[in-house]
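A closer look at the structure
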Amino acid sequence: MLAVTFADLWFRARQFLIAVIGVGLVLALALALSGLVDGFHAEAAESIDAVGATSWVMASAAEGRVTAFAAFPQADLSAVAREPGVRRATAILFAPAQVVLVSGTATPQTVNLVGVQRGGLGDPQVASGHGLSGGAEAVVDSKLAAPPGSILHLGGHGYPVVGTVDDRTMTGGVPLVYMPLAAVQRAVTGGKPLITAVATTGTPTSVPAGLVVLPPSAVVSDTVGQLRTAVASIDNTRWLMWLVAAAIVASMLYVAALERKRDFAVLKALGSSSRTLFLSLVLEAVVVTLLAAVLAEFLASALTPLFAQPIDITPDTRLVLPLVAVTVGIVASITALRRVTGADPATAFG
Amino acid sequence: MSNHLVVDDLTVAFDSGGYVIKPLDGLSFTAEDGELVVLLGPSGCGKTTLLSCLAGLLTPTGGRIRFGAVAVEELRGPALTEYRRRTVGVVFQAFNLIASLTARGNVVVPMRLGGVPRHAAKARAGELLELVGLGERSHHRPAQLSGGQQQRVAIARALVHDPPLILADEPTAHLDHIQVEGILRLLRDLASPGRIIVVSTHDDRVSQLADRVIELAPHFSDADRPPEEVALAAGETLFRQGERGELIYHVESGLLEVYRELADGGREVLARVVPGNYVGELGPILNLPRSASVRALEASVVVGYTVRAFRQDHPHQVIELAAP
């Protein structure tokens, strides 16, 4: 029956090609959506890991989210730093969703502001320009399109951009802007000595009341957790994409099965079983969806630049896609099952 | 191996829109090994139904089919599949080749379904296509072949397992006279010891080639036959739905009821026929089974006429093809 299956695929090549392209496009979009979800996690992990901390001390009210503005006195830094086992401790003030204007542009942009101590944990390693020197200056993620020399306007003050970093975004592609801690405190807390985290190497055994100690992995997952509604929506959309892919293959198979009604009757009259014929159709569907999956791998890479958010299509996701494609093919085949089992070999005479 | 085909009291009945249809009703015949048997009859007389039963594709309502030692109507499951694969070769009326496969591919399919290795199947297909004169066109798809060539491929496909029973349904129906000659000669040659060929056709010229002709519709004489008077008691049936008959009945006295027998055992009254009217003209004119039954509701007298006699004796009565 393999020969019949592949001969039919070849015979209906145009019909199948259209289905491959359609399903390929849908699978590519689904793949991109998977990459979008993974991208949320990847950007948070990259930005948090770049701090180089082994533990994070944060206000318990922050629920582990580095992006939550749950501030506590900077004086607590000393208490944490004195803890046995703590080799290094640095204060960080994370101020999410601040609106800035880059000189020479007219459109304000949203950034995540990070106040860091010069030479401490979190002080960024720049990709271009130079690092923070302690004044009222900024190092920005390259996505902000603010090259060294441009001015960042925030809260009525201008901050010269002295350097850029790559791949430092959070909360769905929002760029990070690093500034000296004091400058951020001036801009955000009115100069009050408040911070939102103490990054440490070594783990403190106890911390002041109202603070908790978290490993970086927990900070990453808790931070991404704030996007759970968006992630759930994307996941639902991804499921819909699988369904659309299955619907395309199913409709193609159904039409093919209708056209082959007489063939099925003849093949049954020649001694083929319903099971063999159905497996032949399943194979056709799986071939179509697997070809579509291959196409989707390429299309997804082409689609990635169209998204503003970071897209991280992991190798695992790429490996899972063929399995999804096979499942979609098998599910789609069920629509033609009745056409096959219902084919009466006696009608081959009619 | 010697084969012997016995069809005994074969009946096939089915429900069609609530009515009982019996394309075969008590058919019996035999065929000997090596014979070319022609099933002769017009469309609708049950030829294809009979072939379907012989091929194991349709289970009869009653009666039996014996091919050699095999009780065909009793076959089920794997035994039936094996019978279809190995014992019977079928040549369908409309060729029924798989459009996506080449001529050779079509011949290979039943062998692959039967577990024949690919190379052996291809070699055998090549031999058979040579046998039917299509060795040069084995790589053509059906759409690239003429009707006669497609029918030859279908015959080659039917021969793949060298089956002892070959069934051909109207094998010349879609062919011109040149192609007809070639196909008939091929079928005639294939009828040889170890094999029985059963060919259905409505063309009685084919019967000239047959060793045995089975007429599925009775052949009514065109000769004049004197009208016959039939007296019916109340409740007595004149004729039954599904029977064949050559007479049109004119009602002289009494009252007749025309009814259809339903699949659920009930009956549907179609009409009542009073003296001066006639009943039962469609079957004799078209040589079809009666499409309804007629019985007397009270003591009645009718006169039966052949179609020719009826036209002569009742020229003023126009026969309408609306009643049974």
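Moving on: the packing of helix α2 (residues 13-49) of chain A against helix α6 (residues 228-259) of chain A. Two numbers describe how α2 of chain A lies on α6 of chain A: the axes approach to 9 Å, and their chain directions differ by 170°. Overall, the two elements α2 of chain A and α6 of chain A adopt an arrangement that is roughly antiparallel.

The subject of this paragraph is the interface of chain A and chain B. The interface of chain A with chain B comprises 19 residues on the first partner and 25 residues on the second. Within the residue set of the side of chain A that touches chain B, elements represented by two or more residues are α1 (2-11) and α7 (261-269) of chain A. In terms of residues, the side of chain A that touches chain B owes the most to one element, α1 of chain A, which gives six residues. A class-by-class count of the residues in the side of chain A that touches chain B yields twelve nonpolar, four polar and three charged.

Here the focus is the sheet that holds strand β8 (residues 196-201) of chain B. Residues and elements named next belong to chain B. Strand order in the open sheet formed by five strands is β6-β7-β8-β3-β9, with parallel pairing between adjacent strands. Each edge of the open sheet carries a strand with a single partner, namely β6 (88-91) and β9 (212-215). Taken over all neighbouring pairs, the strand axes of this sheet differ in orientation by 15° on average, direction set aside. Looking at chain direction, strand β3 (residues 36-40) and β9 are connected through four bridges and run parallel. Pairing of Leu 39 across the sheet is with Ile 214, part of β9. Helix-sheet contacts for helix α1 (residues 47-54) involve β3, β7 (165-169) and β8, and the interaxial angle to β8 is about 155°.

Residues and elements named next belong to chain A. End to end, helix α9 (residues 315-341) covers 40 Å across 27 residues, agreeing with the expected 39 Å (1.5 Å per residue, within 8%). Along α9, the sharpest kink reaches roughly 45°, centred on Thr 335. Taken residue by residue, α9 has Leu 321, Val 324, Ala 325, Val 328, Gly 329, Ala 332, Ser 333, Ala 336, Arg 339 and Val 340 as its buried positions. In this structure, the buried residues of α9 make contact with α2, α6, α7 and α8 (274-303).

Residue and element names in this part refer to chain B. For helix α5 (residues 147-158), which comprises twelve residues, the first-to-last C-alpha distance of 16 Å matches the rise-based estimate of 16 Å (1.5 Å per residue) to within 8%. Across the twelve residues that make up α5, a large majority, eleven, are buried. Turning to α5, its buried residues number three or more, namely Gly 148, Gln 149, Gln 150, Gln 151, Arg 152, Val 153, Ala 154, Ile 155, Ala 156, Arg 157 and Ala 158. Buried residues belonging to α5 abut β6, α3 (103-113), α4 (118-131), β7 and α6 (177-190).

Residues and elements named next belong to chain A. Across the eight residues that make up strand β4 (residues 109-116), a large majority, six, are buried. Bridge analysis of strand β3 (residues 88-102) against β4 gives six bridges, and the strand direction is antiparallel. The residue of β4 that forms the bridge with Phe 94 is Val 114. Here β3 hands over to β4 after six residues, with Gly 104 in that stretch at a positive phi of 85°. By the bridge criterion, five bridges tie β4 to strand β10 (residues 174-180) in an arrangement that is parallel.

Attention shifts here to the sheet that holds strand β13 (residues 256-261) of chain B. Backbone hydrogen bonds are what pair the strands of a sheet, in a parallel or an antiparallel way. All names here are of chain B. On the basis of which strands lie adjacent, the open sheet formed by four strands has the order β11-β16-β13-β14 and antiparallel pairing. The two strands at the open ends of the sheet, each matched to only one other strand, are β11 (237-239) and β14 (267-273). On average, each strand axis in the sheet is inclined to that of its neighbour by 30°, with strand direction left out of account. Two strands pair when backbone bridges link them, and β13 and strand β16 (residues 293-296) are joined in this way by four bridges, in the antiparallel orientation.

Right, let's get into the pairing of strand β12 (residues 248-253) of chain B. All names here are of chain B. Examined bridge by bridge, β12 and strand β17 (residues 300-305) share five bridges and lie antiparallel to one another. Among the inter-strand pairings, Ile 248 is bridged to a residue of β17, identified as Tyr 305. Pairing between β12 and strand β15 (residues 278-279): two bridges, direction antiparallel. Bridge pairing links His 250 to Tyr 278 in β15.

This brings us to the nonpolar core. If you look at soluble globular proteins, the nonpolar side chains tend to sit buried side by side. Among the nonpolar cores identified, the biggest contains 181 residues, and Leu 27, Val 177 and Val 249 of chain A together with Leu 167 of chain B are the most heavily contacted of them. At 17 residues, the largest contribution of residues to this core is made by α2 of chain A. Excluding its chain neighbours within four sequence positions, the residues that come into contact with Leu 167 of chain B are Leu 51, Leu 54, Ala 55, Val 88, Val 90, Val 91 and Val 198 of chain B. Core analysis: the second largest hydrophobic core is formed by 17 residues, Phe 239, Val 273, Ala 296 and Phe 310 of chain B among them.

This part covers the environment of Ala 263 of chain B. Residues and elements named next belong to chain B. Tracing the backbone through its elements, the reader meets Ala 263 in the loop between β13 and β14. Among the residues examined, Ala 263 registers 14 C-beta atoms within 10 Å and is labelled partly exposed. For Ala 263, the residues in contact, after removing those within four places along its chain, are Asp 15, Gly 18, Tyr 19 and Val 20.

This part is about unusual backbone geometry. Residues and elements named next belong to chain B. Backbone geometry at Asn 96 places phi at a positive 55°, although glycine is not the residue there. Along the chain, the position of Asn 96 falls in the loop between β6 and α3. Here Asn 96 falls in the buried class, since 26 other C-beta atoms lie within 10 Å of it. One non-glycine residue, Asp 162, lies in the positive phi region at around 50°. With respect to the helices and strands, Asp 162 occurs in the loop between α5 and β7. Residue Asp 162 is classed as exposed on the basis of its 12 C-beta neighbours within 10 Å.

Reading guide: rules and limits
Numbers given for residues are sequential positions, taken from 1 along each chain in its written order. Chain letters and ligand numbers both follow the written order, the letters beginning at A and the numbers at 1. The model is predicted, so local features are restricted to residues of pLDDT at least 70 and side-chain atom pairs to those at 80 or more, both for listing and for counting; the totals for chains, interfaces and linings are taken over all residues. An axis is simply a line fitted to the C-alpha atoms; with a helix, the fit covers only the stretch in contact. Between two such axes, the angle follows the N-to-C directions and lies from 0 to 180 degrees. In this text, helices come from DSSP runs of H or I with a minimum length of four residues, and strands from runs of E with a minimum of two, each type numbered from the N-terminal end. Comment on the angle field: the value is read as roughly parallel under 35 degrees, roughly antiparallel over 145, roughly perpendicular from 65 to 115, and oblique elsewhere. C-beta atoms are placed from the backbone for every residue, and two residues are taken to be in contact when these atoms lie within 7 Å. Amino acid classes used here: Ala, Val, Leu, Ile, Met, Phe, Trp, Tyr, Cys and Pro are nonpolar; Asp, Glu, Lys and Arg are charged; the rest, including Gly, are polar. In this scheme, strands are said to pair when DSSP sees at least two bridges between them. Working rule for helices: expected span equals 1.5 Å times residues minus one. The angle between axes fitted to the seven residues ending at a residue and the seven residues starting there is what we call the bend at that residue. Counting other C-beta atoms within 10 Å of a residue's own tells you its class, since 20 or more makes it buried, 12 or fewer makes it exposed, and anything in between is partly exposed; those C-beta atoms are placed from the backbone. Each nonpolar core comprises buried Ala, Val, Leu, Ile, Met, Phe, Trp, Tyr and Cys residues, the members being joined through C-beta atoms within 7 Å.

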